[in-house]
Structure formats: structure tokens, C-alpha cells
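The primary structure of each chain is shown beneath.
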Amino acid sequence: MVSLPILQFEEKIVQTVQDNPVVVIIGETGSGKSTQLSQIFHRHGYSKSGVIAVTQPRRVAAVSVARRVAQELNVILGEEVGYAIRFEDRTSPKTKIKYLTDGVLLRESLSNPELSDYSMIILDEAHERSLNTDILMGLMKRLVKLRPSNLRVLITSATLDGNKVSDFFMNCPVLTVPGKLYPVEILYSNERPTSYIESSLRTAIDIHVREPEGDVLIFMTGQDDIEKLVDKLRDKVQSLEEGSCMDAIVLPLHGSLPPEMQVRVFTPPPQNCRRFIVATNIAETSLTVDGVVYVIDSGYVKQRQYNPTSGMYSLDVVQISKVQADQRAGRAGRTRPGKCYRLYPSKVYQDELLDVTIPEIQRSSLAGSVLYLKSLDLSDIDILKFDFLDPPSSDTLEDALKQLHLIDAIDTSGSITNVGKIMAELPLEPALSRTLLEANEYGCLSQALTIAAMLSAETSLLPGRSKHSEKKRKPPPDLPDGSGLGDHIQLLQIYEYWHQIDYHIGWLKDNDLQVRGMLFVRDVRKQLSQIIQKIAKGNLDVQEAESERERRRDYKNLRKALCAGYASQLAERMTLHNGYRTIGFKSQLVQVHPSSMLRTDDDGMFPDFVVYHELISTSRPYMRNVCAIEVSWVIPIMKKLENLNVNRLSGGSDQVIDGEQRKSSSLLQQKNLAIEQDDRESKIQAARERFLARKAEREQSLGRKAKK
DNA sequence: TTACCGCGA
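Calculation rules
- As a convention, each chain's residues are numbered from 1 in the sequence order in which they are written.
- The naming scheme follows written order: chains are lettered A onward, ligands numbered 1 onward.
- The predicted nature of this model means local features are confined to residues of pLDDT at least 70 and side-chain atom pairs, given and counted, to a pLDDT of 80 or more, with totals for whole chains, interfaces and linings taken over all residues.
- To get the side-chain values, take all heavy atoms of the structure and skip hydrogens and water.
- Only protein atoms enter the 1 Å grid used here, on which a cavity is any set of points holding a 1.4 Å probe that cannot leave and a pocket is any open set flanked by protein within 12 Å on both sides along at least five of seven lines; residues with an atom within 4 Å of a point are listed as lining.
- Grid points are joined across faces, edges and corners, and a volume is the space filled by probe spheres set on the points.
- The numbering of helices and of strands both runs from the N terminus, where a helix is a DSSP run of H or I of at least 4 residues and a strand a run of E of at least 2.
- Each residue gets one label: Ala, Val, Leu, Ile, Met, Phe, Trp, Tyr, Cys and Pro are nonpolar, Asp, Glu, Lys and Arg are charged, and the others, such as Gly, are polar.
- When at least one non-hydrogen atom of a residue lies within 4 Å of a molecule or strand, that residue is treated as near it.
- Polar contacts, as counted here, are pairs of nitrogen or oxygen atoms within 3.5 Å of one another; within protein the pair requires one atom able to donate a hydrogen and one able to accept it, and residues that are adjacent in sequence qualify only if both atoms are side-chain atoms.
- Centres within 6.5 Å are what make two rings of Phe, Tyr or Trp a pair, Trp counting through its six-membered ring; a difference in plane orientation under 30 degrees is then read as stacked, over 60 as edge-to-face, and the rest as tilted.
- Categorising residues by exposure relies on relative accessible area from a 1.4 Å probe, with only protein chains included: less than 20% of the type maximum marks a residue as buried, more than 50% marks it as exposed, and the intermediate range marks it as partly exposed.

The name an unreviewed UniProt entry gives chain A is RNA helicase, with Trapa incisa as the organism.

Engineer: Could you clarify how one ought to interpret empty space enclosed by the protein in this entry?
Structural biologist: One water molecule sets the probe size; rolling that probe over the atoms shows where empty space is left. Here the structure, examined in full by the defined rule, presents three cavities of 30 Å³ or more. Empty space within the second largest cavity amounts to approximately 60 Å³. Among the elements that take part in the lining of the second largest cavity, helix α5 (residues 131–146) stands out by supplying four residues, more than any other. Counted by class, the lining of the second largest cavity contains seven nonpolar, one polar and one charged residues.

Engineer: Could you clarify how one ought to interpret the protein's contact with DNA strand B in this entry?
Structural biologist: Around DNA strand B, a shell composed of 35 residues is seen, among which Arg 59, Gly 255, Lys 302, Ser 619 and Arg 624 lie nearest. Sugar and phosphate atoms form 67% of the subset of DNA strand B atoms that lie within 4 Å of the protein. A distance of 2.2 Å is found between a phosphate oxygen of DNA strand B and a backbone nitrogen or oxygen belonging to Gly 255. Residue Leu 428 places a main-chain N or O atom 3.3 Å away from a base nitrogen belonging to DNA strand B. Elements that contribute at least two residues to the surface near DNA strand B include exactly α4 (102–111), β14 (300–307) and β21 (621–629). Per element, the largest residue contribution to the surface near DNA strand B is three residues, and it comes from α4. The class makeup of the residues in the surface near DNA strand B is ten nonpolar, 13 polar and twelve charged.

Engineer: Just to check I follow, could you spell out the packing of aromatic side chains for this structure?
Structural biologist: Two aromatic rings, taken as a pair, are described by how far apart their centres are and by the angle between their planes. This model, assessed by the stated rule, comprises 13 aromatic pairs. Measuring from centroid to centroid gives 5.0 Å for Phe 168 and Phe 169, while their planes differ by 80 degrees, and the two rings are edge-to-face. Assigned by exposure class, Phe 168 and Phe 169 land together as buried. Ring centres 5.0 Å apart and planes at 50 degrees place the aromatic pair Tyr 497 and Trp 507 in the tilted group. On the criterion of sequence distance, the pair formed by Tyr 497 in helix α17 (residues 487–500) and Trp 507 in helix α18 (residues 505–510) is long-range, its members being ten residues apart. Accessibility expressed as a relative area gives 7% for Trp 507, which makes it buried. Feature note: the residues Tyr 188, Tyr 344 and Tyr 349 constitute an aromatic cluster, connected by ring pairs.

Here you go:
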């Protein structure tokens with residue numbers, strides 16, 4: 001422990017922090033920054049006037065680092081040293097050092113914007129640029145000015161962007177602490193391969209027959225490629241002449257693998273056996289596999305990005321950044337000197353790879369974050385001018401404002417409404433928190449709570465498709481089908497049924513539902529109920545579904561509430577086929593996702609209107625999780641769209657024109673808006689006409705059916 | 001007729 005590099009710099013660090021409100025500490029892997037910084041300042045009395053907080057982007061990290069520090073200080077976890085993550089607060093009045101996820105600290109600043117409990121806040125792993133850490137950095141910049149005498153902020157970052165963070169914090173000092181990584185030799189390919197699966201395969205086998213023992217970690221982009229490579233690698237290894245080289249085990253590693261399969265990488269291999277671990281970027285930061293000596297880096301990653309104009313996410317395979325490439329290489333040098341095989345030329349690394357990964361804040365929809373910032377009620381801060389380390393585009397911010405206005409979270413001048421204030425307290429995306437409030441008015445809050453909770457865990461419910469699922473294609477188990485109304489309703493029915501049979505675990509297994517996911521849903525639902533309790537008008541328990549469902553089989557009120565919540569996520573079916581056009585955003589042609597439970601009518605047609613939870617472009621643009629709604633609920637929303645004025649939402653820039661640039665952009669915005677509005681009016685008109693035409697057509701079709 | 005990079009409240 002004494003050998004940790006950071007301890008040699010203790011004096012210097014303490015001195016610098018004493019003299020400066022913000023300090024950036026660049027600590028490479030193995031420097032001990034996550035466990036030692038808090039202890040250093042605890043020793044130097046900083047925990048006497050308040051708690052020392054250390055944020056982490058991930059839950060497991062917050063827990064495991066807290067546990068380590070408690071051990072090192074020889075105290076009981078939860079007393080002097082504790083942690084706080086969602087659903088689990090292990091702190092006490094005695095706590096002096098508190099590890100917490102960045103999301104939890106953000107929530108805390110909602111109820112206490114000055115974070116007055118803390119004498120020091122350490123934002124750890126800031127170089128990962130998680131959305132929450134980025135927002136916290138902006139808040140910290142403001143907070144150190146408000147509390148100059150009794151708050152110290154430390155930001156830890158990786159080598160490449162240390163100076164940038166320093167610039168952001170008014171040229172604060174930057175201290176560098178060396179890490180404890182072993183050297184990693186980088187080997188480049190001469191050219192980019194035509195298939196990086198084949199190229200990875202060749203390289204892996206090459207290592208296996210030529211290099212001494214040590215595990216091989218291979219970075220691929222997704223589950224499909226991983227499964228392909230794992231199969232090929234297993235075949236190839238078996239075909240090698242017996243006794244010509246050591247044994248080998250090939251293991252896949254990615255997020256949709258069930259937990260018991262993921263932990264297999266933590267059991268060391270038998271003697272004289274090499275492991276090949278084929279992984280997504282989960283192995284870049286989240287999971288650390290011991291024993292890796294060789295890394296094969298394809299140079300690609302699958303990344304989700306948001307388009308604020310179309311409201312659509314896309315999942316694209318993109319080149320990694322230099323930071324990511326270095327991080328991947330570093331995985332080979334944790335236990336001894338290693339080698340990293342980059343399947344691209346060094347020229348590509350130098351000239352083509354971005355220096356840093358595009359931060360999450362520039363790749364996401366910001367409706368939730370903007371609402372959060374508005375609810376903090378920082379009178380000195382205008383959201384559109386909020387000081388971000390890397391500001392999101394004005395398109396993204398305007399999109400967020402537009403969405404928030406459509407669901408009544410902000411008024412026409414952009415100020416947060418009472419509805420918006422309540423919404424911000426709920427740990428949900430705005431569409432769902434708005435649905436809850438509307439459902440409360442319609443007397444179906446309990447059902448809406450269930451849907452919101454189910455959607456919060458949605459990806460971890462499905463069994464993860466695998467090639468073995470072909471035999472499972474036999475009639476799907478006895479899951480409810482959403483009465484044909486769509487996926488939200490199905491999720492509700494699944495949970496209600498599970499509740500009815502006393503949360504029986506065996507039923508989940510029989511129906512390929514992930515146990516952990518469903519338990520998570522139960523926790524989320526409980527948490528949401530507690531938060532909304534103070535305004536709830538009815539019973540919040542899961543309803544006894546049987547008689548209830550019979551009585552209102554069409555879930556009309558509930559679907560109406562969903563329509564209000566998803567006001568910016570509407571789509572209208574095309575007249576002649578089952579494609580849809582989106583309404584709130586720039587109109588796009590989209591399909592109902594093939595996994596959807598939405599049912600067609602007797603003519604094989606989907607409902608005229610739906611709301612969707614998410615728009616995602618993979619092989620084609622899809623709506624994922626849809627719910628049937630009625631045209632009469634859509635008309636008022638269209639009216640509201642007609643009258644929307646984005647300029648006013650962003651703080652009335654009609655009057656305030658400061659500087660040439662602002663002026664021109666404002667004029668441009670007005671022009672675009674005018675065009676959009678024309679477009680919109682004709683769209684609404686056309687929609688009405690199409691609706692009437694279709695109705696007539698429907699009536700005629702009765703005759704067609706009779707012929708059959 | 002097709003699907004799922006990774007985190008978090």
C-alpha cells in the first residue's frame with residue numbers, strides 16, 4: 001500500500017488543494033487515486049467540517065472502492081466510510097468519507113443545491129465524461145464561487161484532456177501522478193483488414209501458437225460479431241494439432257450475457273491453458289479481467305447517438321478515439337508487460353482517430369437534463385448558456401425545450417411549471433414522469449407506475465436472443481399479450497400477473513424473463529411510489545388485475561395518459577400500408593419494431609395512431625415499444641404543435657440581441673421556424689383528410705370481407 | 001420480419 005505512487009505526492013497535493021478551490025489530478029491507472037485521495041484529505045482534517053464525497057460513474061465501483069477504503073482504515077463499512085447508490089444508502093451520521101454514483105450526487109443537489117454537507121467533492125473518472133459527471137462539473141464551477149471558503153473540488157482525469165479541464169476551471173492547477181502499469185508494446189497492422197473478424201481470428205491463433213502463456217482479450221463491437229468469432233475460434237483451436245500448443249478456452253463477454261456467464265471470466269484458467277476473451281467495450285472500463293497479457297483491438301465500437309431533428313437514436317459502428325485505443329492497450333499491462341495488436345495502421349491512429357471520445361452529453365437527448373437544471377432554480381444561470389465543459393448543440397437544447405413544453409413541464413416562456421417541478425423529482429425520463437401525473441388525474445396511477453418501472457428495466461427483461469432460441473421458437477410461453485394494444489400494456493399485464501402469483505420466481509424462468517430485471521422493476525416501482533405518494537389521489541399498490549382488467553379491457557384512461565406523456569412521440573399510420581410517419585419531429589417514415597405486440601385489425605392494418613417509447617435506427621428506423629391511441633386525443637397536441645415558438649421557450653431571444661452572431665442565428669432560427677410551421681399546418685390538414693378517407697375505406701372493406 | 005455498445009437516478 002505504501003508503494004502506491006500517489007502517496008509520494010501527498011504533501012504537494014495537500015498544499016495545492018489548500019491554496020486552490022479546484023484542482024485537477026491526472027492519475028493513470030494504478031495510481032491509487034480512487035482509494036487514496038479521500039484518505040489523504042481525511043488525515044489532513046478536511047472531514048472535520050463536512051463529509052468528503054467521491055463520485056463514481058458506476059455502481060459497482062462506488063461499492064467496491066468504499067469497501068476497500070473501509071478495510072484500509074479498519075472501520076466498519078457504513079460507519080466512517082460508506083457509500084450511496086440507488087436503492088442502497090450505506091451511510092450513517094458518523095460517515096466522513098462517502099462514495100456515491102454521480103447520479104446520486106445530482107439527485108442530492110436537487111434537495112440541497114449548495115451540497116452543504118460536503119467539505120470536499122471529488123469527481124473521479126471525469127475523463128469518462130458520463131452525462132452526469134459533465135453536469136456536475138458545470139454545477140461545481142458555480143458552487144466553488146458560492147462557497148469559496150468551505151468547499152474544495154477535485155477532478156480526476158486522464159492524460160489527454162487534463163489541460164482542457166483546467167482551462168474550464170479558470171486555469172486551476174493540474175497535478176500529475178504516475179500510474180503503475182507495465183509497458184505495453186503496440187503492434188500495428190500494415191493496412192486495415194477487409195474483415196476484422198477474420199483478422200482477429202488470424203492474430204489470435206498467431207499469438208496462441210507463437211507467444212508464451214497469458215490470456216488474450218479481443219475487442220469487438222457487438223454480440224453478433226462476438227458469437228461469430230467465438231465459434232470460429234473454437235473450431236480453429238480444436239483443429240490445431242494435439243500437443244502442438246497449450247489448451248485454450250474461448251469466452252464471450254458482453255452486457256446482454258446473463259450475470260452467471262459474465263462472472264466466468266473471473267475464475268482463473270486451469271494450468272497450462274490460455275483463455276481468449278471476446279468482449280465488447282464492457283471490458284474497456286466496467287470489467288477488469290485479470291491475467292490478460294495480449295490485447296487485440298479492432299479499432300471499432302458500437303455507439304448510440306441522438307439526432308435532435310428527427311428524435312431518432314441510431315446505433316452505429318464507429319472508430320474508437322485515441323483515449324479508447326490507449327485504454328484498450330492498457331488492459332494488457334496490468335499484471336506484467338504485454339502486447340497490443342491494433343488491427344489498423346499507425347497512420348490511422350495518428351490521423352484518423354479522434355483524440356477523445358465524443359462525450360455523452362453531445363450524443364443524447366437532453367430533455368431530462370434540461371428539466372433537471374431548470375428545477376434547480378439557479379437564478380443566476382440561463383440554461384441555454386449553462387457552462388458545460390463541452391456544450392451540446394443548440395439543436396439539442398431546443399429539441400429538449402420543445403419536448404418539455406409539449407408535455408407542460410415548461411410554459412411558453414420557458415419557465416418550469418408546477419407540473420415540471422414534480423416531474424423533475426421522479427427518476428424517470430420526462431415522457432414517463434408526465435404520464436404518471438396524467439394517470440394520477442385519470443385514476444390509473446398504479447398502472448402507470450408499473451409501466452414506468454417496467455420500461456426502466458426493459459432491456460434486462462428479455463432473455464437475450466441467442467442461436468439456441470431457435471428451438472425455443474415453439475409457442476411462446478403463457479405471457480399476456482397486451483390485449484393487442486401494444487407493448488406498454490403487455491408490460492403492465494406481465495407485472496400484474498407476476499404480482500398475482502406472489503412474485504413467483506419459477507414463473508419468470510418458465511417464461512424467459514430475467515429474474516434480476518424483474519426484481520429491479522419491483523424496486524423501481526417501490527421507489528417511484530414513495531416519491532409520488534404525497535400527490536397521489538388513489539391507491540398505489542399493484543391492482544388486483546383480474547376483475548379490473550375485465551372491466552376496462554381497453555385501458556382507455558391509461559392509454560390517454562400515455563398519449564399526454566408521449567406528446568412529442570406520436571406517429572400516424574400510412575393509408576395503404578403499415579408504415580408510420582412521425583408527427584412531433586421532422587416527419588420520418590418508420591416501422592413498428594418486429595418484436596412488438598401491437599396487433600393488426602381484421603384487414604391486417606395497425607391502428608391509425610400510436611405513441612412510441614423510442615425511435616431507433618438499426619437496420620431500418622423502428623419504433624420500439626408502441627401503444628395504440630385514438631385520433632381525438634391527438635388533435636389537441638397537434639394544435640399545440642402549431643403554436644409552438646422555440647425562440648420564446650429559450651428565453652425570449654426576440655428582444656434580447658447581444659452581438660452580431662446572436663442576431664444572425666436568431667434570424668435564421670425564426671426563418672426555419674416559419675418554414676416548419678407552414679409545413680406543419682399542411683401536415684395537420686393532410687392528416688385530417690387522410691383520416692377521413694381511411695374511415696370511408698374501412699367501411700367499404702366490410703363488403704370485401706363478405707366476399708371472402 | 002428482425003434484434004441488443006456501455007452506464008445511471
